[in-house]
Amino acid sequence: MRLLELQRRMAAALLAPPGKRGRKEAVRLIKPNDRLSASERLAIYRRSYWARLLDSLAEDFPGVTAIAGRRRFRRLAVQYLRDCPSRSFTLRDLGAQLPDWLQRHPEILGAHQDLAVDMARLEWAHIVAFDGAQSPLLDPEHLLEPGPGMRIGLQPYLTLLELAYPVDEVRVALQSDAGQQPARRKAARLANPVFVAVHRSEGTVYYRRLEPEEFHLLQALRRGRAISSAVRFAFRHSRHAPADLPRLLETWFAAWARLGWLTVTSIDRHQV
Amino acid sequence: MRIPAIFPASRMTPRFANSHYGIGVGLRTPHIGHILEHKPVVSWFEIISENYMVGGGRPLAVLDRILEQYKVVQHGVSLYLGSAEPLQRDHLRRLKSLIRRTGTPWVTDHLCWGSVDGRYTHDLLPMPYTFEAARWTARKIRQAQDYLEVPLAVENVSSYAEFHVSEMTEWEFLNEVVERAGCGVLLDVNNIYVSSRNHGFDPLTYLNAIPPERVAQIHLAGHSKFEKYILDTHDHPVTGPVWKLYQQAIERCGPTPTLLEWDDHIPSFEEVHREALKAQAYLPVAEAAAT
């Protein structure tokens, strides 16, 4: 048997969901010894595989775990890993597709699906903010000679979220009073759309609430719009009076610069 | 014409060149605050490369602070040199970037496989000990070593299964790979002990088969005993039989950088460091053997 075939067959036996024993394949591939059968030896690796990956997901998504409950989270995690096996060398990326996967499977969490999707998006953004890449900060010199393709961009580690539930508050509360009140009850009581930036400062991850216009302006900048176009887009349905605009822009840009969110990006000259 | 000797860990490093590294400790998150605050005297820290192959944030900031004070050696867990798929360029690129940051004098990973068709198991799976697997693995090691531009040493893993297709023993396979690759060995004496109990061989037979000039580093760790097998859990102090095996290893290999791994139920830094420093008791024997 060639190396590739052995590894494919061993991986298939290993990654089969818990409960499926794969005894026949184990016998074909693995030698027994005087204490353990081939399938018992395979089972050592299978237990280790599932424990490692399920623990990793639960650690990265404590909010989703709290919403689903531990048992249901474990079931959904097994299903998720079957549909979205790890394609990265690092466990850090294991949950990258969980928010979209939950969105595609309303049957799993029923009435709590939207809440769980919001929480999964926040918790994935938390991972990105923790160790995501950082681009050079916007420098005044960039503004002196901007060039036709220059745009103000945002740090790659910053995620902007429009959420139906205030899961940022729930996630913070989970750390302080875990188990005192079911997360889904707490979130449902607070149901209220919010805009959140998940970012970091000096190594600590923060959730910062944004005004709707501030959120749309940042999103437009991230998408490569020029500043004037981004401002028009952000305030197209604004409740703010036009006279308030200069003060708001000054406040927001000063805050974003202070937080280190702004960077420089360039767009294709053909798009200019 | 004199043919240059092949040295441990690489074609570049003379034997014992890194012996001054002495006893190191694995850098683990629960200890970082203590280390940065108290700056304990530690010869070197081993980091898990993958924990720092990230874009930015706290992991790299902490690493930079550690690098201001300490020597660091990189140990990887996911190159999967024995996987039947080619090396991943992006992985190597990130690893090389980290190597430039840490200045690690050598880099290590495991003689195992863990991915197939782009799917990762995140485990250190045992190799089938075949000549085909040895040739393929050695080729990948040479490619990795050439790209990374630092000596590479491969670690023997602990295992719980053996394949029917194997054509040789584990130690024969290890030697076949490292001779073909011209790389070093990270000799994990705990893993030799664990595998010897799980597969019923004499750990000394394994140890005595390893060319000492290839051994670039030694790992020590604790394990857990179950009714029918032993598991490499890294959650206990080093056991007596493993210390005995370490003594025999160090007598054969001479002074060799040695590291204690403790990855689960991690006690205080002082306790881990104390356990690691027990290895110092064996150094005079190693030095005598080297002269």
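Here the structure is shown first, and the text comes after it.
Rules used in this analysis
Residues numbered from 1 in each chain as written. Chains lettered and ligands numbered in written order. Predicted model: local features only at pLDDT ≥ 70, side-chain atom pairs only at ≥ 80, totals over all residues. Heavy atoms only, no water. Helix = DSSP H or I, 4+ residues; strand = E, 2+ residues; numbered from the N terminus. Rg over C-alpha atoms; globule rule 2.2 N^0.38 Å. Buried < 20%, exposed > 50% of the residue type's maximum accessible area, 1.4 Å probe, protein only. Areas by Shrake-Rupley, 256 points an atom, 1.4 Å probe, with all protein chains shown as cover. Lys, Arg positive; Asp, Glu negative; His and termini not counted. Charge placed at Lys NZ, Arg CZ, Asp CG, Glu CD. Pairing = 2+ DSSP bridges. Axes fitted to C-alpha atoms, helices over the stretch in contact; angles between N-to-C directions. Contact = heavy atoms within 4.5 Å. Buried area = accessible area lost by both parts, 1.4 Å probe. Salt bridge = Lys/Arg side-chain N within 4 Å of Asp/Glu carboxyl O. Polar contact = N/O pair within 3.5 Å; in protein donor to acceptor, adjacent residues only side chain to side chain. Core = buried A, V, L, I, M, F, W, Y, C linked by side-chain atoms within 4.5 Å. Left-handed = near helix turned anticlockwise from the far one by under 90°. Nonpolar A, V, L, I, M, F, W, Y, C, P; charged D, E, K, R; others polar. Expected span 1.5 Å × (residues − 1). Arc of directions from axis to C-beta. Right-handed = clockwise from strand over helix to strand, strands pointing away.

**Details of the overall build of chain A**
A count of helices and strands for chain A gives 14 helices and 5 strands. The globule rule puts the C-alpha radius of gyration for 272 residues at 19 Å, and the 24 Å found for chain A is more than 25% above it. Taking the principal axes of the C-alpha coordinates as reference, chain A spans close to 80 × 45 × 30 Å. A burial count over chain A gives 50% of its 272 residues as buried. Carbon and sulfur atoms form 51% of the exposed surface of chain A, whose accessible area is close to 14,000 Å². Each charge class in chain A was averaged separately, 42 positive and 29 negative side chains, and the resulting centres sit 10 Å apart.

**Here we look at the sheet that holds strand β3 (residues 71-75) of chain B**
Residue and element names in this part refer to chain B. In space, the 8 strands of this closed barrel follow the order β1-β2-β3-β4-β7-β8-β9-β12, with parallel pairing throughout. Pairwise comparison of adjacent strand axes, ignoring direction, gives a mean angle of 30° for this sheet. As paired strands, strand β7 (residues 152-155) and strand β8 (residues 184-188) are joined by 3 bridges and run parallel to one another. Bridge assignment links Ala153 to a residue of β8, and that residue is Gly184. Sitting on the sheet, helix α3 (residues 89-102) is in contact with β2 (44-48), β3 and β4 (107-110), with an inclination near 165° to β3.

**Details of the sheet that holds strand β3 (residues 194-201) of chain A**
Residue and element names in this part refer to chain A. Strand order in the open sheet formed by 3 strands is β2-β3-β4, with antiparallel pairing between adjacent strands. Only two strands of the sheet have a single neighbouring strand rather than two, namely β2 (159-163) and β4 (204-210). Neighbouring strand axes in the sheet, compared pairwise and without regard to direction, differ in orientation by 25° on average. Examined bridge by bridge, β2 and β3 share 5 bridges and lie antiparallel to one another. Bridge assignment links Thr159 to a residue of β3, and that residue is Val198.

**Looking at the interface of chain B and chain A**
How big an interface is tends to be expressed through the accessible area that disappears when the partners come together. On the side of chain A, 44 residues touch chain B, which itself brings 46 residues to the contact. Across the interface of chain B and chain A, roughly 4,000 Å² is buried in total on both sides, 59% from carbon and sulfur atoms. Where chain B touches chain A, the interface holds 4 salt bridges. Applying the counting rule to chain B against chain A returns 26 residue pairs in polar contact (both at pLDDT 80 or more). Counting residues per element, the ones that place at least two in the side of chain B that touches chain A are α2 (58-69), α3, β5 (113-116), β6 (119-125), α4 (131-148) and α6 (189-199) of chain B.

**Some details on the environment of B:Gly56**
Relative to the elements of secondary structure, B:Gly56 occurs in the loop between β2 and α2. Setting aside residues up to four positions removed in sequence, B:Gly56 forms contacts with A:Phe130, A:Asp131, A:Gly132, A:Ala133 and A:Arg200.

**Topic: the nonpolar core**
Soluble globular proteins tend to pack their nonpolar side chains together in the buried interior. One finds A:Leu102, B:Phe45, B:Leu187 and B:Tyr246 to be the most contacted residues of the largest nonpolar core, which totals 148 residues. When residues of this core are assigned to their parent elements, the largest contribution, 11 residues, is made by helix α8 (residues 113-131) of chain A. Aside from chain neighbours lying at most four places away, what touches B:Leu187 is B:Asn156, B:Ile192, B:Leu207, B:Ile210, B:Val215, B:Gln217, B:Ile218, B:His219 and B:Ala249. Ranked by size, the runner-up nonpolar core spans 26 residues in total, among them A:Met150, A:Leu160, A:Leu218 and A:Phe233.

**Concerning the side chain of A:Thr65**
Residue and element names in this part refer to chain A. Tracing the backbone shows Thr65 in helix α4 (residues 62-68). Assessed through its relative accessible area of 7%, Thr65 is described here as buried. Setting aside its immediate chain neighbours within four residues, Thr65 contacts Ala58, Arg70 and Phe73.

**Let's talk about the packing of helix α1 (residues 3-15) of chain A against helix α3 (residues 38-60) of chain A**
All names here are of chain A. For the pair α1 and α3, the least separation of the axes is 9 Å and the interaxial angle reads 65°. In this structure, the crossing between α1 and α3 has a hand that is right-handed. Here α1 contributes Met10, Ala13, Leu14 and Leu15 to the contact with α3, which in turn contributes Leu42, Tyr45, Arg46, Tyr49 and Trp50. When grouped by side-chain class, the residues that make up the contact of α1 with α3 number 8 nonpolar, no polar and 1 charged.

**Some remarks on α2(B)**
With 12 residues, α2(B) should reach 16 Å at 1.5 Å per residue; the first-to-last C-alpha distance of 17 Å fits that figure. Within the span of α2(B), buried status applies to B:Pro59, B:Leu60, B:Val62, B:Leu63 and B:Ile66. Axial view of α2(B): buried residues confined to an arc of 160°, hence all on one face. Of the surrounding elements, those touching the buried residues of α2(B) are α8 of chain A together with α1 (29-38), β2, β3 and α3 of chain B.

**Points about the pairing of β7(B)**
Residue and element names in this part refer to chain B. Taking every second residue as pointing to the same face, both faces of β7 are buried, with Leu152 and Val154 on one and Ala153 and Glu155 on the other. In this sheet, β7 lies alongside β4 in parallel orientation, the contact comprising 4 bridges. Pairing of Thr108 across the sheet is with Ala153, part of β7. Where the polypeptide runs from β7 across helix α5 (residues 170-181) and back to β8, its parallel neighbour, the crossover connection is right-handed.

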